[in-house]
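Fold and geometry: a report
Chain by chain, the residues run as shown.
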Amino acid sequence: MKRNTTPTLCVSIFVDKSSIKEIDFIFKSQNLERSKELITKSFTPETMKTKNGVTPGEVIFFVDFSTDETMKLPEGTIYMDTRIVTKENKILETEIVSFDMGKTLF
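Quick notes on the rules
- Residues numbered from 1 in each chain as written.
- Predicted model: local features only at pLDDT ≥ 70, side-chain atom pairs only at ≥ 80, totals over all residues.
- Heavy atoms only, no water.
- Core = buried A, V, L, I, M, F, W, Y, C linked by side-chain atoms within 4.5 Å.
- Buried < 20%, exposed > 50% of the residue type's maximum accessible area, 1.4 Å probe, protein only.
- Helix = DSSP H or I, 4+ residues; strand = E, 2+ residues; numbered from the N terminus.
- Contact = heavy atoms within 4.5 Å.
- Pairing = 2+ DSSP bridges.
- Axes fitted to C-alpha atoms, helices over the stretch in contact; angles between N-to-C directions.
- Polar contact = N/O pair within 3.5 Å; in protein donor to acceptor, adjacent residues only side chain to side chain.
- Salt bridge = Lys/Arg side-chain N within 4 Å of Asp/Glu carboxyl O.

**What about the nonpolar core?**
Among the nonpolar cores identified, the biggest contains 21 residues, and L9, V11, I13, I23, F25, F27 and F61 are the most heavily contacted of them. Secondary structure elements with two or more residues in this core: β1 (8-14), β2 (20-28), β3 (37-43), β5 (58-64), β6 (76-86) and β8 (97-101). With 4 residues, β2 is the single largest residue contributor to this core. Sequence-distant contacts of I23, defined by excluding residues within four places in its chain, comprise I13, K41, S42, F43, M48, F61, T82, R83 and I84.

Structure (structure tokens):
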């Protein structure tokens with residue numbers, strides 16, 4: 001991703017979409033539990049944008065960013081964790097992923 005743009009991050013998760021009560025995508029500049037959250041993108045079944053993936057059970061979530069949000073993310077490695085809360089109030093285990101945030105000249 002690049003700062004000061006309006007990208008869409010595509011996140012692939014194997015989950016039963018009908019079981020989701022809410023989903024949060026949490027972005028930090030350090031891979032540490034107690035580090036400051038830079039951005040949290042929260043969705044409910046009514047607000048999340050998804051499509052079925054190629055593999056059975058795979059759901060692709062589309063996470064849109066504004067220019068202001070990308071400017072809150074520093075250049076370099078960014079870490080994202082996903083918190084999925086089911087309708088039964090269970091929190092599913094997910095992996096922390098990283099991606100590079102590119103600088104901008106505008």
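That covers the picture; the talk isn't over yet.
**So, the sheet that holds strand β4 (residues 49-52)**
Read across the sheet, 3 strands follow the order β1-β5-β4 without closing on themselves; strand pairing throughout is antiparallel. Whereas interior strands pair on both sides, the edge strands pair on one side only; in this sheet they are β1 and β4. Within the sheet, the average angular offset between the axes of one strand and its neighbour, ignoring direction, is 25 degrees. Where β4 and β5 come together, 4 bridges link them in antiparallel fashion. The residue of β5 that forms the bridge with K51 is I60.

**Section: the environment of I78**
Inspection of the secondary structure puts I78 in strand β6. In sequence terms I78 and V11 are 67 residues apart; their C-alpha atoms lie 14 Å from each other. In contact with I78, not counting residues within four places along its chain, are F27, K28, L38, L73, V97, S98, F99 and M101.

**Observations concerning the side chain of K41**
Residue placement: K41 occurs in strand β3. A relative accessible area of 12% means that K41 is categorised as buried. Separated by 3.0 Å, the side chains of K41 and E69 make a polar contact. Among all residues touching K41, those that are not within four sequence positions of it are I23, D24, F25, F27, V63, D64, F65 and E69.

**Notes on the environment of I20**
Note on placement: I20 falls in strand β2. Separated by 70 residues in sequence, I20 and K90 place their C-alpha atoms 9.6 Å apart.

**Quick notes on the pattern of salt bridges**
Across all of its chains, the model carries 3 salt bridges by this definition. For the salt bridge of K49 with D64, the shortest nitrogen-to-oxygen distance reads 2.3 Å. Taken as a pair, K49 in strand β4 and D64 in strand β5 lie far apart in primary sequence, 15 residues in all. Judged by relative accessible area, which is 44%, K49 ranks as partly exposed. Given a relative accessible area of 29%, D64 falls into the partly exposed group.

**Notes on unusual backbone geometry**
Backbone geometry at N4 places phi at a positive 65 degrees, although glycine is not the residue there. Structurally, N4 is set in the segment before β1. Judged by relative accessible area, which is 22%, N4 ranks as partly exposed. A positive phi angle, near 60 degrees, is found at N89, a position not held by glycine. The topology assignment puts N89 in the loop between β6 and β7 (91-92).

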